[in-house]
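Inside the fold
Chain by chain, the residues:
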Amino acid sequence: MNDRAPAPGGLALIQALVNTLDLESGADALETAEGCAPFCLAPGAEVAAARELRESLRVACLAHAGHGPHAVAPPLDQLLSAAPLLVRVDAEDGSASLAPADPAPLVSRVAAAIAEAVAAGTWTRLKACEAPDCHWAYYDRSPAGRSRWCDMGVCGARAKMRAYRARKGAAGKG
């Protein structure tokens, strides 16, 4: 959907999951085996749970960008509570990291990615485009962290053109 570089680390998994649904066209990559493969999802209940997780993640990404939820979705912390994490300590250098207790489920991998991103200070940089027909997830690399659109050339240009037309229309009525 855009030319932005993927999010760093485990956030790339979350970004990819959120972006499996194109809101403008309605195309859902999780409807195909090829779309499920990157997430190691089996058809059926796993896909339904992944869709629920995807929309809860989209709500969080919208919140990072200062926007309210796009739809009713279960609270993300409720979904993540089913994915316990373990603290792993390296015996050689003493470094610690969080890892899923069971790395197979998608929710476990997402929980570990969020924990990693929170520790790195990058979690709130994963945002969703403010365009209501888009909400594509992107990683905000701007210095101030105030990007609003996934792609300035598409969603940003459309929003600016709508604002311009609204101003011109309001000026003509006065």
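Analysis parameters
Residues numbered from 1 in each chain as written. Predicted model: local features only at pLDDT ≥ 70, side-chain atom pairs only at ≥ 80, totals over all residues. Heavy atoms only, no water. Helix = DSSP H or I, 4+ residues; strand = E, 2+ residues; numbered from the N terminus. Buried < 20%, exposed > 50% of the residue type's maximum accessible area, 1.4 Å probe, protein only. Contact = heavy atoms within 4.5 Å. Areas by Shrake-Rupley, 256 points an atom, 1.4 Å probe, with all protein chains shown as cover. pLDDT = per-residue confidence, 0-100. Core = buried A, V, L, I, M, F, W, Y, C linked by side-chain atoms within 4.5 Å. Salt bridge = Lys/Arg side-chain N within 4 Å of Asp/Glu carboxyl O. Patch = residues over 30% accessible without salt bridge, like charges linked within 9 Å, V, L, I, M, F, W, Y side chains within 5 Å. Pairing = 2+ DSSP bridges.

1. Observations regarding the overall build of the protein chain
When its secondary structure is counted, the protein chain shows 6 helices and 4 strands. For the protein chain, buried positions account for 40% of its 174 residues. In the protein chain, 50% of the contacts between residues at least 6 apart in sequence involve partners at least 24 apart. Surface exposure of the protein chain reaches about 9500 Å², of which carbon and sulfur atoms provide 58%.

2. Some points on the confidence of the model for the protein chain
Chain-level statistics for the protein chain give a pLDDT mean of 87 and a share of 84% at 70 or above. By mean pLDDT, helix H6 (residues 152-173) is the weakest element of the protein chain at 63, and helix H1 (residues 11-18) is the strongest at 97.

3. Section: the environment of Thr124
Tracing the chain through its elements places Thr124 in the loop between helix H5 (106-120) and strand E3 (126-128). Along the sequence, Thr124 and Tyr139 sit 15 residues apart, while their C-alpha atoms lie 9.0 Å from each other.

4. A few points about the nonpolar core
Grouped together as the largest cluster of nonpolar side chains are 33 residues, with contacts concentrated most on Ile14, Leu53, Leu57, Leu106, Val110 and Trp123. Looking at this core, the elements that each hand over two or more residues are H1, helix H3 (45-64), helix H4 (76-80), H5, E3 and strand E4 (137-139). Other than its neighbours up to four places away in sequence, Trp123 contacts Leu11, Ile14, Leu57, Ala60, His64, Leu76, Ile114, Ala117 and Val118. Listed in part, the 5 residues of the second largest apolar core include Cys129, Cys134, Trp136 and Tyr138.

5. Considerations on the pattern of salt bridges
Throughout the structure, instances matching the rule amount to 5 salt bridges. Note that Glu55 and Arg58 form a salt bridge whose closest N and O atoms lie 2.9 Å from each other. Taken together, the positions of Glu55 and Arg58, both in helix H3 and 3 residues apart, correspond to about one turn of that helix. Judged on exposure class, the residue Glu55 and its partner Arg58 are both buried. As a salt-bridge pair, Lys127 and Asp140 come within 2.8 Å of each other at their nearest N and O atoms. Here Lys127, found in strand E3, pairs with Asp140, found in the loop between E4 and H6; they are 13 residues apart in sequence, far enough to count as distant. For the pair shown, Lys127 and Asp140 are each scored as buried.

6. What about unusual backbone geometry?
Glycine aside, negative phi is the norm for most residues, and most peptide bonds take the trans geometry. Located in the positive-phi region is Cys40, a residue other than glycine, with phi close to 55°. Under the relative-accessibility criterion, Cys40 is labelled exposed at 58%. The backbone phi angle of His135 is positive, close to 50°, even though this residue is not glycine. Inspection of the secondary structure puts His135 in the loop between E3 and E4.

7. Brief notes about a nonpolar patch on the surface
Together, Val87, Val89 and Leu98 line one region of the surface with nonpolar side chains, adding up to about 280 Å² of accessible area. By the secondary structure assignment, Val89 is in strand E1 (residues 85-89).

8. Quick word on the pairing of E1
Across 5 bridges, the pairing between E1 and strand E2 (residues 96-100) is antiparallel. Bridge pairing in E2 places Leu85 opposite Pro100.

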